[in-house]
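The lines below spell out each chain.
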Amino acid sequence: MKKNQIFMLSLFVSVLSQAQQEKSDWPVLKTYDQDHIQKIKMPVGGIGTGTISLTGRGSLEDWEIMNRPAKGFNPTLENWGPAKQKGPFFAIFMEDEEGNKQTRLLEGMPDESYYEGAWGATSNHHGLPRFNNASFKTAYPFGQVFLSDESLPVEVVVGAYNPLIPGNIDDSSIPMVILNYKVKNTSNNNITISLAGTIQNFIGFDGTRGKAIKNVNTIREENGIKGIHYTSKGVDSKSEQWGSFSFVSLNEGTTTYRTAWQKKTSRWDKKRLDFWDDFSEDGILENRENKEANAPMGSLAIKTTLKAGEEKNFRFLISWHFPNRQTWDKPGFQKLIKATVGNYYTTKYNDSWDVINKTLPRLNELETKTKTFVNALIESDIPFEIKESALFNLAHLRTQLAFRIKSGHLLGWEGLFDDYGSCFGSCTHVWNYEQTTAFLFGELAKTMRDVEYGYATDDTGLMSFRVYLPLELGQKWGKAAADGQMGSVMKFYRDWQLSGDDEFLKEHWPKVKKSLEFCWIPGGWDANKDGVMEGSQHNTMDVEYFGPNPQMGFWYLGALKASAEMANYLGEKKFAKTCQNLYKQGSNWMDNNLFNGEFYEQQIQPPMSADNVAESLMGITSGKNAIDLTSPDFQLGKGVLVDQLIGQVFSHIVGLGYLADEENIKKTLKSIMKYNYVEKMASHANFHRSYALGEESALLMAAYPLERPEKPFPYFTEVMTGFEYTAAIGMLQEGQIEDGLLCIRNIRDRYDGKKRSPFNEAEAGHHYARSMIAWAGILATTKFHYSAVDKSMTFTSVSGTYFWSNGYSYGTCEVKDKEANLTVLYGEVDLDSFSLEGIGTKNLKNITIQSNDSLNIKL
């Protein structure tokens, strides 16, 4: 045996021993009882890799690992009636000392709503016996399903997670599900048990497209790793659905396999019966041959004994590797440009077995580091609903919503439909809201800025608010969004401040500057250059606003203020002065002309003629000739817009302060609660999509206490969580704590596991990007601000222990009286000064705090 094999074997034994002996001490933030588990699907996978979801019952569903969303896809390639409702599963065999045998799925009971169908029940493996009781405990990315049944001698905890470490992108981007089955013998006698997992080789078929051809399952036992490697000899190696995946056991005991299931010999397919009978006989699998199967089943079982009262952990790994990601596509809009852009994660591994080999030696380390992060957050004194919303929405970043192409750039859909992406192009006016990436994975956020300014912005300063792929065609969309473009300036400022990367600033500043100057083109957003946007302003409501309004206005003011800061830093005093003057003019004008005593409203100013609108801003939504420019529909008018202060919220996040009169800002947020808040949605008439219903409480997109346009913007009666978070975070920033927490609590009450999944806040699709603004709730309550440019950090002076992260490092800060104990748990942080809000600032003379070190600071 070679030295490296001996090393790997000894390492495997070490990992195996710890996995079996160590009781799971995974963090728990929230528990869902049996009445609140049926909608739970927690995505498990790395950033940009795709995911498999752990359900609240313990099953693995939604196998979204082949470069596209696949809601409801539970790989089974049969297409006849009830056979469609199968898919991967785990089961347990139990035998006591008297020879009594029982076999159960390692799942809880199915949702009663699936009991009825043309072929009977429609849930996966609906007829197979399972555990009677189930509950779900979680602190993302950890999920645990607790299974019990009075008729059985065991209790089982089904656990799944994927490593997640703020600041460490590669370790948070591993294409793997780590499964943990903790089995306890609750009887007074010894028992024999066997755990078996079954996954079909579906390479070539992603749930809607492709076909499995000559797929092969191979038993591999090397370096102490035992499992099945899934490959294909027939699927085109250039296909998006081509790749490999692996299923391995890290457990001691008798290991048996099936690389195929019984061949179908008659009209009636009994291969599942054959498997169940075989496994239920003695917990040992006998192999079968089926050379005709294009998509053979693969099964793996591990058999051992449990003494009375004994508990053991059983660990399995599922890894995957699908390198051929294609460009944006969806039905009816096929392949904007047909090309392979690849996946960054697949450049790190040769195939799925290589994922296992490279990850296994660090498995315990990765779990420990993930627990350190999660515990630091959930044990902090941040309000519960903020921790829940921030942490659970973080799951979106690891779904097919976001992906990294081969170059390493992060891109994203707006959301996900069941089997294709919703609204392509890393849409700037949606991703503007998202704060999770920048404060947890700063280098990834910078790749998005590189897309916006290195590829999407042309020489006139027009930034395509949707970017084509390949990136060389990034300007092909050729349409600008006012909020998207101004928000991108603020995002760039944020990411420069968090990184302190002056080269990043210098490289992109010419296009950042040009994108702001684009506001001043003839027929543009601010053609008269007075600090107020009056022109044709395409925006996130998917319409053009005509005339000054708070939503675009505050984005513009924020962009002007951020640009002034960057220009001054670079020595461009004249441009900085221009931005400062425009900011002051615009701020005063909005307070004097748009604020009505309670909130900011729109002054509708029809352009009257296409001659007054720049060609590049004309008819983005509805076509060049579809808008009546003398009396345009779909305006805000005198409405109370729920997110009218988004630019102000962002300004506080990046430390730019107030963009308008402080009292007006506070009054506006009070008015949003007064007019937009609905206690029971059953009393509200909504004429578009419904994301809140019945007894649920929510903030409406807009309210009209004064007067309403005949045809307001299309979404005004709706409820959408990303916009609600925006208002709630603004309330928290302005000290309106009770109102802000109530709004966030109402959102999370809707995603309660019974009605909706806690890990899937939707808007125009599942896992909508805008909801990831929830992370800013942490910033608002801790008052955390960090600048790597001037090496300063600020916290609230309210006593407590708080979590912090800046995209490159993270830790905790304990505040008491006029003293702070700052701890770095990952990375390092440079500080010249530290401040407690309302107390003062301590000069630190360029101190570097390393990982696992602390600094006590007295002010």
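Residues numbered from 1 in each chain as written. Predicted model: local features only at pLDDT ≥ 70, side-chain atom pairs only at ≥ 80, totals over all residues. Heavy atoms only, no water.

How two helices pack is summed up by the angle between their axes together with the distance between the axes. Between helix α9 (residues 482–499) and helix α13 (residues 646–653), the least distance of the axes is 10 Å, while the angle of their chain directions is 10°. Comparing their axes, α13 and α9 come out roughly parallel. Contact residues: α9 offers Met490, Lys491 and Arg494, while α13 offers Gly647, Phe650 and Ser651. The residue makeup of the contact of α9 with α13, split by class, is two nonpolar, two polar and two charged. (Axes fitted to C-alpha atoms, helices over the stretch in contact; angles between N-to-C directions. Helix = DSSP H or I, 4+ residues; strand = E, 2+ residues; numbered from the N terminus. Parallel < 35°, antiparallel > 145°, perpendicular 65-115°, else oblique. Contact = heavy atoms within 4.5 Å. Nonpolar A, V, L, I, M, F, W, Y, C, P; charged D, E, K, R; others polar.)

To continue, consider the sheet that holds strand β11 (residues 191–200). On the basis of which strands lie adjacent, the open sheet formed by five strands has the order β6-β5-β11-β16-β15 and antiparallel pairing. The strands lining the two open edges of the sheet, one partner per strand, are β6 (101–105) and β15 (254–258). Taken over all neighbouring pairs, the strand axes of this sheet differ in orientation by 15° on average, direction set aside. (Pairing = 2+ DSSP bridges.)

This part covers the pairing of strand β7 (residues 133–139). Burial of β7 is extensive: five of the seven residues sit out of reach of the surface. When strand β1 (residues 30–32) meets β7, the two strands line up antiparallel, connected through three bridges. By the bridge assignment for β7, Tyr32 is matched with Phe136. Connecting β7 to the next strand, strand β8 (residues 142–148), in antiparallel fashion are two residues. (Buried < 20%, exposed > 50% of the residue type's maximum accessible area, 1.4 Å probe, protein only.)

Once that is clear, we can look at the layout of surface pockets. In this structure, the second largest pocket spans a volume of roughly 840 Å³. Residue lining of the second largest pocket: 41 residues in total, with Lys41, Glu61, Asp62, Lys71 and Gly72 positioned closest to the centre. Where the lining of the second largest pocket is concerned, the elements lending two or more residues are β3 (51–55) and β4 (60–64). Residue classes in the lining of the second largest pocket are distributed as seven nonpolar, 17 polar and 17 charged. (1 Å grid on protein atoms, 1.4 Å probe; cavity = no way out; pocket = protein on both sides within 12 Å on 5 of 7 lines; lining within 4 Å. Points joined across faces, edges and corners; volume = space filled by probe spheres on them.)

As a further point, take a negative patch on the surface. Residues Asp381, Glu814, Asp817 and Glu819 make up a contiguous surface patch of negative charge. On the basis of relative accessibility, which here comes to 57%, the residue Asp817 falls in the exposed class. (Patch = residues over 30% accessible without salt bridge, like charges linked within 9 Å, V, L, I, M, F, W, Y side chains within 5 Å. Areas by Shrake-Rupley, 256 points an atom, 1.4 Å probe, with all protein chains shown as cover. Salt bridge = Lys/Arg side-chain N within 4 Å of Asp/Glu carboxyl O. Lys, Arg positive; Asp, Glu negative; His and termini not counted. Charge placed at Lys NZ, Arg CZ, Asp CG, Glu CD.)

Attention shifts here to the side chain of Asp739. Note on placement: Asp739 falls in helix α16 (residues 737–750). When sequence neighbours within four positions are dropped, the list of residues in contact with Asp739 reads Lys670, Met673 and Met731.

Here we come to the packing of aromatic side chains. Given two aromatic rings, their pairing is described by the distance between the two centres and the angle made by the two planes. Tallied over the entire structure, the rule returns 50 aromatic pairs. Between Phe518 and Trp525 the ring centres are 5.3 Å apart and the planes differ by 75°, which places this aromatic pair in the edge-to-face class. Trp525 matches Phe518 in its accessibility class, with the two residues each being buried. An aromatic cluster of at least three residues, connected via ring pairs, comprises Trp328, Phe403, Trp413, Phe424, Phe465, Tyr468 and Trp477. Just above the ring of Phe146 sits the side chain of Lys137; from NZ or CZ to the centre is 4.7 Å. Across from the ring centre of Phe504, 5.2 Å away, lies the NZ or CZ of Lys446, which sits over that ring. (Phe/Tyr/Trp six-rings, centres within 6.5 Å; stacked < 30°, edge-to-face > 60°. Lys NZ or Arg CZ within 6 Å of the ring centre and 35° of its normal.)

On to the confidence of the model for the protein chain, then. In this model, the protein chain carries an average pLDDT of 94, and 94% of its residues clear a pLDDT of 70 or more. Every residue in residues 1–23 is under pLDDT 50, and counting partners more than four places away or in other chains gives 33 contacts. (pLDDT = per-residue confidence, 0-100.)

Let us now look at the packing of helix α5 (residues 384–393) against α16. At a minimum axis separation of 9 Å, α5 and α16 run at an interaxial angle of 50°. In terms of orientation, α5 lies oblique with respect to α16. You can see that α5 and α16 cross each other, and the crossing is left-handed. Across from Glu385, Ile386, Glu388, Ser389, Phe392 and Asn393 in α5, the residues of α16 making contact are Leu741, Ile744, Arg745 and Arg748. Among the residues forming the contact of α5 with α16, the class breakdown is four nonpolar, two polar and four charged. (Left-handed = near helix turned anticlockwise from the far one by under 90°.)

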